[in-house]
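# Structure at a glance
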Amino acid sequence: MNRPFVFINIAMTVDGKIDTFERRGAAISSQRDKERVDRLRASADALMVGGKTLLGEDPKLTVKSEALRAERVAQGRSPNPVKVGIVTEANLKADSNFLNTGPAEIVIFTTRRTSKEQLSLLKARHVHVYAAEAEKVDLQHALAVLKGMGVERLMVEGGGTLNFELMRLGLVDELTAYVAPLIFGGASAPTMAAGSGLERNAAIPAKLINVEKWDDGGVLLKYHFTR
Ligand SMILES: NC(=O)c1ccc[n+]([C@@H]2O[C@H](COP(=O)([O-])OP(=O)(O)OC[C@H]3O[C@@H](n4cnc5c(N)ncnc54)[C@H](OP(=O)(O)O)[C@@H]3O)[C@@H](O)[C@H]2O)c1
């Protein structure tokens with residue numbers, strides 16, 4: 001297979017929301033879940049986010065625990081996984097968390113809509129940039145490029161539009177969802193799979209692999225998709 005093993009991780013509310021209607025990156029994970037996510041990150045070769053999450057939240061996208069980073073280094077790996085952004089029009093600031101928190105290799109897949117000034121900034125910061133002559137990033141191509149760079153395990157950290165596109169294209173192997181005991185409501189609040197949606201007969205079947213009930217009131221769900 002010309003792509004890495006791809007797993008999505010999300011934190012959502014009981015009503016399936018991954019943020020409030022305000023879209024400011026609301027905290028959903030418990031402390032225990034944050035630690036689980038950090039271990040999952042440390043197990044990955046690369047971490048991917050979609051354009052709205054990248055530009056709206058400016059995530060650091062690094063392994064938080066010093067011990068986990070040291071473990072990776074002891075295994076002959078980089079302290080942090082490669083950071084990957086899928087963004088139609090990249091507009092990262094020179095002082096952004098994404099560009100400055102590391103050390104980590106950074107890869108941006110973008111389109112012709114990204115300005116020359118931004119491309120120069122990214123290149124000056126040694127970011128690997130793939131700018132396609134297309135309206136949207138070709139996800140299949142992006143995964144093949146990452147595989148070519150040696151990425152065997154790719155963790156996708158949202159948002160809903162990127163999650164949906166990857167699942168629609170059959171490019172996802174595993175999904176873990178922490179369901180926090182909260183309700184956000186709001187018709188416009190983002191869910192874990194957005195995009196254009198599917199008709200009932202095209203629904204993507206997911207196989208439930210594991211369920212954990214946590215003391216913090218949350219539930220951890222794990223699903224597999226057939227390759
Ligand atoms: N709770 C969680 O686990 C979690 C995790 C991450 C994010 N979030 C939340 O999710 C929300 C953002 O999600 P979102 O759905 O709006 O955006 P997103 O998935 O972060 O980014 C999607 C954007 O990426 C660009 N893109 C380019 N090529 C694409 C392709 N082939 N497929 C998909 N996207 C492509 C598009 O930008 P253009 O539209 O400009 O073309 C698209 O709108 C935020 O509220 C954030 O807080 C929650």
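About the thresholds
- Residues numbered from 1 in each chain as written.
- Predicted model: local features only at pLDDT ≥ 70, side-chain atom pairs only at ≥ 80, totals over all residues.
- Heavy atoms only, no water.
- Pairing = 2+ DSSP bridges.
- Helix = DSSP H or I, 4+ residues; strand = E, 2+ residues; numbered from the N terminus.
- Axes fitted to C-alpha atoms, helices over the stretch in contact; angles between N-to-C directions.
- Contact = heavy atoms within 4.5 Å.
- Salt bridge = Lys/Arg side-chain N within 4 Å of Asp/Glu carboxyl O.
- Phe/Tyr/Trp six-rings, centres within 6.5 Å; stacked < 30°, edge-to-face > 60°.
- Buried < 20%, exposed > 50% of the residue type's maximum accessible area, 1.4 Å probe, protein only.
- Lys NZ or Arg CZ within 6 Å of the ring centre and 35° of its normal.
- Polar contact = N/O pair within 3.5 Å; in protein donor to acceptor, adjacent residues only side chain to side chain.
- Near = heavy atom within 4 Å.
- Areas by Shrake-Rupley, 256 points an atom, 1.4 Å probe, with all protein chains shown as cover.
- Nonpolar A, V, L, I, M, F, W, Y, C, P; charged D, E, K, R; others polar.

A word on the sheet that holds strand β1 (residues 5-13). With mixed pairing, the nine strands of this open sheet are ordered in space as β5-β4-β3-β2-β6-β1-β7-β9-β8. Only two strands of the sheet have a single partner each, and these edge strands are β5 (128-132) and β8 (207-213). Along the sheet, successive strands turn relative to each other by an average axial angle of 20°, direction set aside. Both strand β3 (residues 82-86) and strand β4 (residues 106-111) contribute to a ladder of four bridges, which runs parallel. Looking across to β4, one finds that Ile86 is bridged to Phe109. On top of the sheet, helix α7 (residues 160-168) reaches β1, β2 (46-50), β3 and β6 (153-156); it is set at about 110° to β2, its chief contact.

The next subject is the pattern of salt bridges. Scanning the model with the defined rule gives 10 salt bridges in all. Between Glu135 and Arg112 there is a salt bridge, with its nearest N and O atoms 2.7 Å apart. A residue pair is termed long-range when its members are at least 10 positions apart, and Glu135 in the loop between β5 and α6 (139-148) and Arg112 in the loop between β4 and α5 (116-124) qualify at 23 residues. Through salt bridges that share partners, Arg112, Glu133 and Glu135 make up one connected network.

We now examine the packing of aromatic side chains. Counted under the stated rule, the structure contains three aromatic pairs. Between Phe5 and Phe7, the ring centres sit 6.2 Å apart and the planes meet at 40°, which makes this aromatic pair tilted. With 5.1 Å between their ring centres and 20° between their planes, Phe109 and Tyr130 make a pair best called stacked. You can see Phe109 sitting in strand β4 and its partner Tyr130 sitting in strand β5, a full 21 residues away along the chain. Residue class for Tyr130 comes out partly exposed when judged on its relative accessible area of 32%. One residue, Arg32, lies across the ring of Trp214, its end atom 3.8 Å from the ring centre. The ring of Phe98 is capped by Lys83, whose NZ or CZ atom sits 5.3 Å from the centre of that ring.

On to helix α3 (residues 66-74), then. Its side-chain oxygen at 3.2 Å from the backbone nitrogen of Ala67, Ser65 defines the N-terminal cap of α3. Gly76 sits one or two positions beyond α3 and adopts a positive phi of about 80°.

On to the site of the ligand, then. Near the ligand you find 25 residues, and of these Thr53, Glu57, Thr88, Lys136 and Thr161 are the closest. The contact in question runs from an oxygen atom of the ligand to an N or O atom on the side chain of Asp19, over 2.6 Å. Between the ligand and Leu162, the relevant distance is 3.0 Å, taken from an oxygen atom to a main-chain nitrogen or oxygen of the residue. Relative to its free-state accessible area of 930 Å², the ligand is covered by the protein chains to the extent of 85%. Taken together, the elements giving at least two residues each to the shell around the ligand come down to β1, α2 (51-57) and α7. Along the lines of polarity and charge, the residues of the shell around the ligand split into nine nonpolar, nine polar and seven charged.

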